[in-house]
Each structure stands twice: as C-alpha cells, then as structure tokens.
Amino acid sequence: MIHTPAQDSAALVANAVAESVQYQGRKASRQGSEQRRQAILDAALRIIVREGVRAVRHRAVAAEAAVPLSATTYYFKDIDDLITDTFAQFVEHSAAYMAKFWNSTQGVLQELVGQLDGSVEARRHLADEIARLAVEYVRHQLLTRRDHLMAEQAFQQEALLNPRLHELVRAHGQILLQGVTQFFEVLGSQQPEQDAKLLTAIIVRMEYQGLLDGVEQLDNEGMLVILKRYMYLVLGL
C-alpha cells in the first residue's frame, strides 16, 4: 500500500483525538455493566438526533435503552454528565471513522498529486477532481451518516451553552481540518491551514443545507460549481 506523510499524519491526529477523549460518568467495572453503560449512551444519542438535547432526561434515556431508571443515575450523577459523555463518545467514534477515512484515501491523494506536471491543464484537472470528490463526500455523508450529521449539529449548538463541551468541539473540529490542511500542504499551498478552513466551511455548509432541504433536493451541479470555483482560486486558475 502506498503511504503519504500527509494522510498518515491525518490518521494519526484522528487516532490521537480518539485516544484523548475522557469521560465524566462512573466507569464500568464488568463487561455486563459496560454493555449497559454503552446502551445508555447510545440511547441518549438517539434521543438527541430524534428530539434534541433538551429531551435527554434520565427517565427518557432509561426507557429508550430498556434499562432500569436506577442504571442511568448510577453511571451518570446528573444530566450534564450524561450529555457530556454522550458527546465524548460521539467524538471518539467520529475520530475512529475519520482515521479509517484518511487511510482509505491515501491512494487517491497519491494519484492526484502524481498527475501534476506544472501545466495549467493538469492543475485544472486536479481542481475538477477535488471538487468532484468533495461533492461525493457530502452526498455520502447525507445518504449514509445523516444521524451523525444531526448529532454533530446538536453537539455544536449545545457547546455554545455548555463550557464543558468546548474542548471536545475543538478536538472534533481538528479531525477533518488537519487532514484537509495537510492535503493542501501536499498541493503546495502557501496558506494550507487557511485554505483548509475555507474548504471545510464550504463542506459543512453544504451538509447543513442537505439536512435542511433533504438529500433528494441536493443541488449537485451547484455544489460542484462552487467547489470548482474555490479550487480554481486556490490553484491560481
């Protein structure tokens, strides 16, 4: 398998984020109790996706997880701990997913960079391919990971009100940003972090619009035009 330093580093950052996540609630001491604690966190996230953060209550979570009410209060002394740990698990799972994603795109990155020969045509082809891949990424997220995107929106909104989530939000934001930054470094960008911030902001906005309008209403051609326009500017076309 071909490895590129950028993608290897991006995967390492994602893995580091996953390993750095800390939980607030009571730790499980046995396998059975860990499964119950996991069921509670999974149930809380489903409620967040379906009804929003404010719907997370011990009784509602216990019913959703099919566990006694005493189980939720045993592992989580209050709702803040339960919500914080639910989002901590969300970040941990997101980081693990993105680590695999960056590893899986190594060959694609190597091929795209290898096509650069200094010509305008090669740069234009590269810009077109990156734009196309970005649209595919957005569509894939909306089609197969809608619940994840909904949880992400709820997570970011809750962080505005809950200082305990600030570091988790920052860590979560670094997972995608770091990989895109290093991608721009490979392309020779003079401002790779700024370019990455703009591209990720465009993608996040497109994901939000897709959630709002529904994936069947996605303006694929419109997204492609915007992303091509941005990449042309970055590559000086």
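For the structure, see preceding data.
It should be emphasised that the depicted structure is a prediction, and the values quoted were computed from it without experimental measurement.

Reading the values: the criteria
- Residues numbered from 1 in each chain as written.
- Predicted model: local features only at pLDDT ≥ 70, side-chain atom pairs only at ≥ 80, totals over all residues.
- Heavy atoms only, no water.
- Helix = DSSP H or I, 4+ residues; strand = E, 2+ residues; numbered from the N terminus.
- Buried < 20%, exposed > 50% of the residue type's maximum accessible area, 1.4 Å probe, protein only.
- Areas by Shrake-Rupley, 256 points an atom, 1.4 Å probe, with all protein chains shown as cover.
- Core = buried A, V, L, I, M, F, W, Y, C linked by side-chain atoms within 4.5 Å.
- Contact = heavy atoms within 4.5 Å.
- Axes fitted to C-alpha atoms, helices over the stretch in contact; angles between N-to-C directions.
- Parallel < 35°, antiparallel > 145°, perpendicular 65-115°, else oblique.
- Left-handed = near helix turned anticlockwise from the far one by under 90°.
- Nonpolar A, V, L, I, M, F, W, Y, C, P; charged D, E, K, R; others polar.

**What to know about the overall build of the protein chain**
Consideration 1: From N to C terminus, the protein chain includes 11 helices and zero strands.
Consideration 2: What you see in the protein chain, going N to C, is helices and strands ordered as α-α-α-α-α-α-α-α-α-α-α.
Consideration 3: The 237 residues of the protein chain split such that 46% are buried.
Consideration 4: When the accessible surface of the protein chain is totalled, it reaches about 12400 Å², and 53% of it is carbon and sulfur.

**Observations concerning the nonpolar core**
Consideration 1: Membership of the largest hydrophobic core comes to 35 residues, with the highest contact counts inside it found for Ile 130, Val 180, Phe 184, Leu 187, Leu 199, Leu 227 and Met 231.
Consideration 2: Where this core is concerned, the elements lending two or more residues are α5 (79–104), α6 (106–114), α7 (120–144), α9 (166–187), α10 (192–213) and α11 (220–234).
Consideration 3: When neighbours within four sequence positions are excluded, Val 180 is seen to be in contact with Trp 102, Ala 196, Leu 199 and Thr 200.
Consideration 4: Among the nonpolar cores identified, the runner-up in size contains 30 residues, and Ala 43, Ala 44, Val 53 and Ala 151 belong to it.

**Section: unusual backbone geometry**
Consideration 1: In this structure, Ala 66 is a non-glycine residue whose phi angle is positive, near 60°.
Consideration 2: Within the secondary structure, Ala 66 sits in the loop between α3 (58–65) and α4 (69–75).
Consideration 3: The exposure class assigned to Ala 66 is exposed, which follows from its relative accessible area of 70%.

**What to know about the packing of α9 against α10**
Consideration 1: Their axes nearest at 8 Å, the elements α9 and α10 cross at an angle of 125°. Classified by the angle their axes make, α9 and α10 are oblique. The two elements α9 and α10 cross, and the hand of that crossing is right-handed. Residues Leu 176, Leu 177, Val 180, Thr 181, Phe 184 and Glu 185 of α9 form the contact with α10, whose participating residues are Pro 192, Glu 193, Asp 195, Ala 196, Lys 197, Leu 199 and Thr 200.
Consideration 2: Here the residues of the contact of α9 with α10 sort into seven nonpolar, two polar and four charged.

**Some points on the packing of helix α8 (residues 146–161) against α9**
Consideration 1: α9 packs onto α8 with a crossing angle of 140° between their chain directions and a minimal axis gap of 9 Å. Viewed along their axes, α8 and α9 adopt a mutual orientation that is oblique. For the pair α8 and α9, the crossing hand works out as left-handed. Side by side, α8 and α9 meet where Glu 152, Phe 155 and Ala 159 of the first sit next to His 166, Leu 168, Val 169 and His 172 of the second.
Consideration 2: The residue makeup of the contact of α8 with α9, split by class, is four nonpolar, two polar and one charged.

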